[in-house]
Amino acid sequence: QVQLVESGGGLVQAGGSLRLSCAASGRAFSSYGMGWLRQAPGKEREFVAAISVGGSSTYYSDSVKGRFTISRDNAKNTVYLQMSSLKPEDTAVYYCAADRTAGAIVAGRPINRYWGQGTQVTVSS
């Protein structure tokens, strides 16, 4: 079992920045691919970013590429999502996810998926 707790969401103006954190506890954090997904009202949950077990590979959706950066600190059992140049369309509940591989998160094909409870990000225009 892996427990995930997100933090760092909030209200920000368009063009601003936020950093989300996801703290993990339980089984070895460093053995999981990690990622972020988001769900806006009335829409399906969508992939945002993922990072490999060792942190050497990162993946982004086209909508956030160049604006968001995912990183992980295995010593702190934490994954981050630095969000810059935020747009109103980035407004959503952001969920942290852990799975056997980052590829499983990118592909939307869970192998052994764990989820956080979500954190709200609201970007005002």
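Everything discussed here concerns the structure shown above.
Here the structure is a predicted model, which is why all the values come from computation and not from measurement. (Residues numbered from 1 in each chain as written. Predicted model: local features only at pLDDT ≥ 70, side-chain atom pairs only at ≥ 80, totals over all residues. Heavy atoms only, no water.)

Caption draft 1: Just the sheet that holds strand S3 (residues 18-26), in detail. Within the open sheet, the 4 strands sit side by side as S1-S3-S8-S7. Their pairing is antiparallel. One side of each edge strand has no neighbouring strand; the edge strands of this open sheet are strand S1 (2-7) and strand S7 (68-73). Within this sheet the neighbouring strands show an average axis-to-axis angle of 15°, counted without direction. For S3 and strand S8 (residues 78-83), the ladder comprises 6 bridges, and the chain directions are antiparallel. Residue pairing for S8: Leu 18 is matched across the bridge by Met 83. (Pairing = 2+ DSSP bridges. Helix = DSSP H or I, 4+ residues; strand = E, 2+ residues; numbered from the N terminus. Axes fitted to C-alpha atoms, helices over the stretch in contact; angles between N-to-C directions.)

Caption draft 2: Representation of the state of the cysteines within the structure. Scanning the model with the defined rule gives 1 disulfide in all. Disulfide pairing places Cys 22 opposite Cys 96 at an S-S distance of 2.1 Å. Because the sign of the S-S torsion sets the handedness, a value of about -80° for the bond joining Cys 22 and Cys 96 places this disulfide among the left-handed ones. Note that Cys 22 is positioned in strand S3 and Cys 96 in strand S9 (residues 92-99), a separation of 74 residues in sequence. Of the two residues, Cys 22 and Cys 96, both sit in the buried class. (Disulfide = S-S within 2.5 Å. Buried < 20%, exposed > 50% of the residue type's maximum accessible area, 1.4 Å probe, protein only.)

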